[in-house]
Amino acid sequence: VTSAAHDARLTGDWLLIILVIVAALPELAASWQFLLVGGHFRRHHYLDCQPYFPRAAVLIPAWNEAAVIGTSIDRLMALTYPDGALRVYVVDDASTDATPEVVTERGAQYPGRVFHLRREQGGQGKAHTLNHGLEVILADDWMQVLLITDADVIFEPDALRTMTRHLADDRVGAVTAYIKEGSRPGNYLTRFIGYEYVTAQAAGRRGQNVLGTIACLAGGAQLHTRANLVALGSRIDTSSLAEDTITTFETQLAGRRVVFEPHATVWAEEPGSIRALWKQRLRWARGNVQVTARYRHLWFRPARGHGLGGISFGVFWFCLFLQPVFMITSSAALLTLYFTGFGRVWLAFHVLWIINAATYVFITSFALMIDPATGRRCWRQAIFFPGAVNLVIIIYSCFPRLFIDGVHRVDRALGLGTGHGAPGWLIVSIYAWLTVSLAVAYLAKAVEPSRFGRLLSPVLIYLVGYGSVLCACTFASYVLELRGAEARWDKTEKTGKVAVPTDRGDLSVGAK
Amino acid sequence: VNPGRHARGRGASEFDREIRIALRYERGLAVKALAALALVALIAVLRTLYFR
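Being a predicted model, the structure only gives us computed values, none of them experimental.

Calculation notes
- Residues numbered from 1 in each chain as written.
- Chains lettered and ligands numbered in written order.
- Predicted model: local features only at pLDDT ≥ 70, side-chain atom pairs only at ≥ 80, totals over all residues.
- Heavy atoms only, no water.
- Helix = DSSP H or I, 4+ residues; strand = E, 2+ residues; numbered from the N terminus.
- Buried < 20%, exposed > 50% of the residue type's maximum accessible area, 1.4 Å probe, protein only.
- Contact = heavy atoms within 4.5 Å.
- Buried area = accessible area lost by both parts, 1.4 Å probe.
- Salt bridge = Lys/Arg side-chain N within 4 Å of Asp/Glu carboxyl O.
- Polar contact = N/O pair within 3.5 Å; in protein donor to acceptor, adjacent residues only side chain to side chain.
- Nonpolar A, V, L, I, M, F, W, Y, C, P; charged D, E, K, R; others polar.
- Patch = residues over 30% accessible without salt bridge, like charges linked within 9 Å, V, L, I, M, F, W, Y side chains within 5 Å.
- Areas by Shrake-Rupley, 256 points an atom, 1.4 Å probe, with all protein chains shown as cover.
- Axes fitted to C-alpha atoms, helices over the stretch in contact; angles between N-to-C directions.
- Parallel < 35°, antiparallel > 145°, perpendicular 65-115°, else oblique.
- Phe/Tyr/Trp six-rings, centres within 6.5 Å; stacked < 30°, edge-to-face > 60°.
- Lys NZ or Arg CZ within 6 Å of the ring centre and 35° of its normal.

**Student:** So what about the overall build of chain B? Which residues, and what values?
**Tutor:** Of regular secondary structure, chain B possesses 1 helix and 0 strands. Burial status across chain B gives 25% buried among its 52 residues.

**Student:** Go over the interface of chain A and chain B, please, and point to the residues and values.
**Tutor:** Taken together, the 37 residues of chain A in the interface contact 28 residues of chain B. Across the interface of chain A and chain B, roughly 2800 Å² is buried in total on both sides, 67% from carbon and sulfur atoms. One can count 3 salt bridges joining chain A with chain B. Here A:Arg165 and B:Glu18 are joined by a salt bridge, their closest N and O atoms 3.7 Å apart. Where chain A touches chain B, the interface holds 7 residue pairs in polar contact (both at pLDDT 80 or more). Per element, the largest residue contribution to the side of chain A that touches chain B is 7 residues, and it comes from helix 13 (residues 345-370) of chain A. Tallied by class, residues from the side of chain A that touches chain B come to 23 nonpolar, 7 polar and 7 charged.

**Student:** Kindly report on helix 9 (residues 243-253) of chain A, identifying the contributing residues and their values.
**Tutor:** All names here are of chain A. The element helix 9 is extensively covered by neighbouring structure, given that 9 of its 11 residues are classed as buried. Listing the buried residues of helix 9 in full gives Glu243, Asp244, Thr245, Ile246, Thr247, Thr248, Phe249, Thr251 and Gln252. One or two steps after helix 9, the chain reaches Gly255, where phi turns positive at roughly 90 degrees.

**Student:** If you had to explain a nonpolar patch on the surface to someone new, which residues and values would you point to?
**Tutor:** Residues A:Ile395, A:Leu402, B:Leu39, B:Leu42, B:Ile43, B:Val45, B:Leu46, B:Leu49, B:Tyr50 and B:Phe51 make up a contiguous nonpolar surface patch of about 920 Å² in total accessible area. The leading source of residues in the nonpolar patch is helix 1 (residues 10-50) of chain B, at 7 residues. Inspection of the secondary structure assignment puts B:Leu39 in helix 1.

**Student:** Give a description of unusual backbone geometry that names residues and reports values.
**Tutor:** Residues and elements named next belong to chain A. Put simply, Arg184 and Pro185 share a cis peptide bond, and its omega is 10 degrees. Relative to the helices and strands, Pro185 resides in the loop between strand 6 (172-181) and helix 7 (188-211). A positive phi angle is found at Phe300, which is not glycine, with a value near 55 degrees. Along the polypeptide, Phe300 turns up in the loop between helix 10 (274-294) and helix 11 (311-321).

**Student:** If you had to explain the packing of helix 7 of chain A against helix 14 (residues 372-383) of chain A to someone new, which residues and values would you point to?
**Tutor:** All names here are of chain A. Contact geometry of helix 7 with helix 14 gives a least axis separation of 8 Å together with a crossing angle of 110 degrees. Here helix 7 is positioned roughly perpendicular relative to helix 14, judged by the angle of their axes. For the pair helix 7 and helix 14, contact is made by Tyr188, Thr190, Arg191, Phe192, Gly194, Tyr195 and Val198 and by Thr374, Arg377, Cys378, Gln381 and Ala382, respectively. A breakdown of the residues in the contact of helix 7 with helix 14 according to their chemical character gives 6 nonpolar, 4 polar and 2 charged.

**Student:** Quick rundown of the side chain of A:Ser72? Include the residues and the values.
**Tutor:** With respect to the helices and strands, A:Ser72 occurs in helix 3 (residues 69-77). Excluding anything up to four places from it in sequence, A:Ser72 contacts A:Ala151, A:Asp152, A:Val153 and A:Ile154.

**Student:** Please provide a residue-by-residue account of the pattern of salt bridges, values included.
**Tutor:** Per the stated rule, a full pass over the model turns up 17 salt bridges over all chains. Two residues, A:Arg206 and B:Glu26, come together in a salt bridge whose shortest N-O distance is 2.9 Å. With A:Arg206 in helix 7 and B:Glu26 in helix 1, this pair bridges two chains. No difference in accessibility class separates A:Arg206 from B:Glu26, as the two residues are buried. Each of A:Arg161, A:Arg165, A:Glu261 and B:Glu18 takes part in one network of salt bridges that share partners.

**Student:** Quick one: what's the story with the packing of aromatic side chains, residue by residue and with numbers?
**Tutor:** Two aromatic rings are characterised by how far apart their centres lie and by the angle between their planes. Residues and elements named next belong to chain A. Within the structure shown, the criterion is met by 30 aromatic pairs over all chains. Where Phe192 meets Phe385, the ring centres are 6.3 Å apart and the plane angle is 55 degrees; that geometry is what we call tilted. Within this pair, whereas Phe192 is found in helix 7, its partner Phe385 is found in the loop between helix 14 and helix 15 (388-398), the two being separated by 193 residues in sequence. There is no split in this pair, since Phe192 and Phe385 are both buried. Ring centres of Phe249 and Tyr295 lie 5.0 Å apart, and the angle between their planes is 45 degrees; this geometry places the pair in the tilted category. Here Phe249 is found in helix 9, whereas its partner Tyr295 is found in the loop between helix 10 and helix 11, with 46 residues between them in sequence. Looking at Phe249, the relative accessible area reads 0%, which means it is buried. According to the relative accessible area criterion, Tyr295 is buried, its value standing at 3%. Taken together, the ring pairs connect Phe249, Tyr295, Trp299, Phe300, Phe313, Trp317, Phe318, Phe321, Phe475 and Tyr478 into an aromatic cluster. Taking NZ or CZ as reference, Arg87 lies 4.1 Å from the ring centre of Trp142, over its face.

That is the geometry; function is a separate question.
Below is the structure:
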């Protein structure tokens, strides 16, 4: 009996060790995705490109976008694209500000090229607004390709033609561009987002290009062929909060390729407060929960014609989707092992954090080189992306002796003991940290509107890291979806502070 | 024949140049990936040699 109990205990301990190590999976998956970036020079779509300038309709859904829509239209009209081959359709979703006047004025300024479509009954969400425009645009056969974008997005002059060249290949159904954060002067949070977009787009989508499967066309820059839109039923899905992802999946399921063009750059204004970021990312995360459930028959089932069931793609998807679960189970497993006196808990902790450390150094240094301009602007946020506390734990796990003397001095000063190893309070704190960081990220959002929030929230974000905010959002999305909470389309507020590079190489404010 | 497809010519040589530049950039990323991996290896070696 004693032997059986011992065996069961040992099995349980090793299961807990596995739970600890599994928390490194998202880091390993991220490293794999970045390694794929290095293979993009071999596996790309450039050799199938041709000079191609189809008749392009630009579809912009707009609700109270007077601050930004005029400049966006002006920039679209200035694209290096053949005269007469570009039209802009703004679907005004019952705006109550000066959006109709601004668009009508641009319509007069660019006759036959800018069109104002008005919905008198608005507020149903972006997909419904897009469908109103699609119905009008598809009603005649002028349009050959459709660019769906947002009202605040500013295109660099050659962005559209670098995207259309991929559509010369009939196998391609849609192309997306590299969206860069363009708020100027911006703040710490917009710079975190700027760096995040290097990792998620410039790197992540290049990796997906190598796999041949794209997870999501950027909502602010997706270019479709007419044939692809018709194959999708001539409408955008309105049943979820992730219409961009569903469009992307359905395109690939129909056997058409989706391509990311990293050299087509567009600029967008991103949230400057944690509450606004939370609102935006909660919508995205809930959309991802819906997509995960909707396409449950696809995951990890490789199939001919599309790569959505591929192993690498599934690992990338679920590592992001389940990251909060990994963080919580890892903390719980470490603490259980510690309090039950399992001898190898320290080793498991070391393996986890040494993987984290190697991933951090690789990804951060590579990401800063992938987009050096963003790297120069956001290098502080790149360094503190995992959070100051995580950085200290990384250094502690790699170089414990650097810390141990100082820790013992603190230990003695607090009268907590004079042991030789790391003191218990420190061990418990770092084992629990991954879960605690989610709670602190939520706290950063909660205190932001308070009197001290403007100072305290950034401090908390730098402590826990931007990634913890995203994981806390993902966790909140599970809860909301499980509760069946109402899925509302909360539009991100835009103020028109996007700045874009000029011919002189500096930055000019695009709208005010 | 797709009406939007441009004939090969001056525009095509400009297009070829842009593709060459894009591919050169992508090849550069492979070198940068190796540099980032080398940095990880360097830190691992220094840790092994001096901070055991």
